[in-house]
Amino acid sequence: MDVVSDAISAVRLGHPSSERVRMSGSRCTRLEPFGGAGFHVVLKGGCRLLPDDGAPVSLGVGDAVLLPHGTGHVLTERPQRGETEILCGRYRLDCSRIHPLLAEMPQVVHLPGRVGGHRELRAAIDLLAGELDERLPGSCVALPHLLDLLLVYMIRAWMSEATSGAWPRVLGDPVTAGALRALHSDPAVPWTTERLAAEVNVSRPTLARRFTTLVGRPPMAYLTWWRVILTATLLRETSETLASIAGRVGYGSPYALSHAFQREFGTTPGRYRKAARGASAPPPHAEIGP
């Protein structure tokens with residue numbers, strides 16, 4: 001898998017959800033902070049998004065907004081707009097050890113609906129709105145997959161337009177991006193810096209310098225961290241034994257993996273699995289008056 005796909009898969013919990021929200025007059029909708037990411041797409045009319053911490057954002061038809069960190073906010077209709085329709089959704093995430101690519105995203109990512117901009121994102125929005133309108137056979141399968149696509153396309157759009165942040169630069173650098181792709185494709189390989197440098201056709205010092213400068217940690221330190229994060233995902237999503245997981249992520253024994261996991265998460269793999277399976281759903285949104 002690639003870095004963006006893995007970053008999402010490593011923290012995603014359960015299925016995403018979505019609904020259409022209609023507002024008119026002085027009505028507004030309050031969404032409390034929650035452990036995950038939220039999004040809104042304006043289908044009709046216009047509104048303002050008022051984050052708990054940050055500047056208001058004006059949204060028009062076709063605009064999308066992603067809240068990667070579950071920031072609490074209020075949606076309120078802009079004056080003299082008539083009825084406003086918004087597609088609202090949520091992704092439940094395990095935020096305990098979020099990938100740095102997602103961690104560095106701003107609280108609010110505004111993606112204006114420019115004509116011809118981000119074609120994949122626009123197509124996903126159109127398909128999603130159609131599924132919500134029609135409720136066609138198979139929509140229960142189609143909807144969560146379309147929501148997953150929407151998240152990927154919103155992150156891609158942010159990366160293509162970002163003027164700050166390390167990870168757009170990381171994935172734009174052929175050497176570092178190639179090294180990350182190799183590590184994520186097969187973390188169980190007995191990687192060394194020398195072997196990884198050969199994989200991307202550069203010298204060991206060149207790889208170590210560029211990777212550490214851009215990513216913020218040396219290649220093998222990143223790999224150790226990623227193996228433990230991947231372990232957490234497998235503990236949440238499968239019933240595999242720790243011995244089986246150790247083999248999949250590149251540890252020689254479950255004892256070595258357990259030690260590394262406890263050092264990173266502050267708990268044992270068994271306790272983490274039990275707690276993850278008992279995690280509760282995020283709170284619903286609530287409508288408030290003027």
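For the structure, see preceding data.
I will try to describe carefully the structure that is included in this document. Please read these numbers as outputs of a predicted model, since none were measured by experiment. (Residues numbered from 1 in each chain as written. Predicted model: local features only at pLDDT ≥ 70, side-chain atom pairs only at ≥ 80, totals over all residues. Heavy atoms only, no water.)

## Notes on the overall build of the protein
As a reminder of what qualifies: Helix and strand definitions here come from DSSP, where helices need a minimum of 4 consecutive H or I residues and strands a minimum of 2 consecutive E residues; each element is numbered from the N-terminal end. Our radius of gyration looks at C-alpha atoms and nothing else; its globule reference is 2.2 Å times the residue count to the power 0.38. Whether two residues are in contact is decided by their heavy atoms, any of which lying within 4.5 Å being enough. Residues scored as charged are limited to Lys and Arg (positive) and Asp and Glu (negative), so that His and the chain ends carry no count. Throughout, a charge is located at the NZ atom of Lys, the CZ atom of Arg, the CG atom of Asp or the CD atom of Glu.
Tallying secondary structure elements over the protein gives 12 helices and 10 strands in all. Taking 19 Å as the expected radius of gyration for a compact globule of 290 residues, we find that the protein reaches 21 Å, a close match to that expectation. With respect to the principal axes defined by its C-alpha atoms, the protein has extents near 65 × 40 × 40 Å. In the protein, the share of contacts with a sequence separation of at least 24, taken over all contacts with a separation of at least 6, comes to 74%. Computing the positive centroid from 32 side-chain charges and the negative centroid from 27, the protein places the two 5 Å apart.

## As for the packing of aromatic side chains
Just so we agree on the cut-off: Pairing of aromatic rings covers Phe, Tyr and Trp, the last counted by its six-membered ring, and requires centre-to-centre distances within 6.5 Å; plane angles under 30 degrees mean stacked, over 60 mean edge-to-face, and any other angle means tilted. When a residue's accessible area, from a 1.4 Å probe over protein chains only, is under 20% of the maximum for its type it is buried; when over 50% it is exposed; and in between it is partly exposed. By definition here, charges over rings are those cases where NZ of Lys or CZ of Arg is within 6 Å of the ring centre and within 35 degrees of the ring normal.
According to the stated counting rule, one finds 8 aromatic pairs in the structure shown. Seen in terms of ring centroids, phenylalanine 261 and tyrosine 272 are 5.4 Å apart; in terms of plane orientation they differ by 75 degrees. Their pairing is edge-to-face. Of the two residues, phenylalanine 261 is situated in helix α11 (residues 254–265) and tyrosine 272 in helix α12 (residues 269–277); the sequence distance between them amounts to 11 residues. For phenylalanine 261, a relative accessible area of 0% corresponds to the buried category. Of the aromatic side chains, those joined through ring pairs into one cluster are Trp167, Phe211, Tyr222, Trp225 and Trp226. Seen from the ring of phenylalanine 34, arginine 90 lies directly overhead, with NZ or CZ sitting 4.7 Å from the centre. Here the basic side chain of arginine 195 rests over the ring of tryptophan 191, its NZ or CZ set 5.6 Å away from the ring centre.

## Examining unusual backbone geometry
Unusually for a residue other than glycine, asparagine 201 sits at a positive phi of about 60 degrees. Assignment of secondary structure puts asparagine 201 in the loop between α7 (193–199) and α8 (204–215). The exposed category is assigned to asparagine 201, whose relative accessible area is 68%.

## Concerning empty space enclosed by the protein
What counts, and what does not: In this analysis the probe radius is 1.4 Å and the grid spacing 1 Å, with only protein atoms considered; a cavity is a set of points the probe fits into but cannot get out of, a pocket is an open set with protein on both sides within 12 Å along at least five of seven lines, and lining residues have an atom within 4 Å of a point. Grid points are joined across faces, edges and corners, and a volume is the space filled by probe spheres set on the points. When residues are sorted by character, Ala, Val, Leu, Ile, Met, Phe, Trp, Tyr, Cys and Pro go into the nonpolar class, Asp, Glu, Lys and Arg into the charged class, and all the rest, Gly among them, into the polar class.
Applying the stated rule across the entire model yields 2 cavities of 30 Å³ or more. If you trace the largest cavity, you find it lined by Ile8, Val11, Ala37, Leu66, Pro68, His69, Leu93, Ile98, Leu102, Met105, Leu151 and Ile155. Its residues placed into classes, the lining of the largest cavity shows 11 nonpolar, 1 polar and no charged. Within this model, the second largest cavity holds a volume of roughly 40 Å³. In terms of residues, the lining of the second largest cavity owes the most to one element, helix α9 (residues 219–237), which gives 3 residues. Counted by class, the lining of the second largest cavity contains 6 nonpolar, 1 polar and 3 charged residues.

## Overview of the nonpolar core
The nonpolar side chains of a soluble globular protein tend to be buried, and buried together. Short version of the rule: For the purposes of this section, nonpolar cores are sets of buried Ala, Val, Leu, Ile, Met, Phe, Trp, Tyr and Cys residues that join through side-chain atoms within 4.5 Å.
Ranked by size, the top nonpolar core spans 70 residues in total, and within it Phe39, Leu66, Tyr91, Leu150, Ile155, Trp167 and Tyr222 carry the most contacts. The leading source of residues in this core is helix α4 (residues 139–161), at 11 residues. Excluding its chain neighbours within four sequence positions, the residues that come into contact with isoleucine 155 are Val4, Ile8, Leu66, Leu101, Leu102 and Met105. One finds Leu31, Val42, Cys47 and Val65 within the second-largest nonpolar core, a separate group that totals 13 residues.

## Quick look at the sheet that holds strand β1 (residues 17–23)
To keep things clear, this is the line we draw: Should DSSP find at least two bridges between two strands, the strands are regarded as paired. Note on geometry: axes are C-alpha line fits, over the in-contact stretch for helices, and angles between N-to-C directions span 0 to 180 degrees.
What the 5 strands build is an open sheet, ordered β1-β8-β3-β6-β9; its pairing is antiparallel. The open sheet has two free edges, formed respectively by β1 and β9 (109–111), since each of these has just one partner strand. The mean angle between the axes of side-by-side strands here comes to 20 degrees, regardless of whether they run parallel or antiparallel. Note that strand β6 (residues 64–67) and β9 share 3 bridges and pair antiparallel. Its bridge partner lying in β9, leucine 66 is registered against valine 109.

Read these as geometric descriptors, not functional statements.
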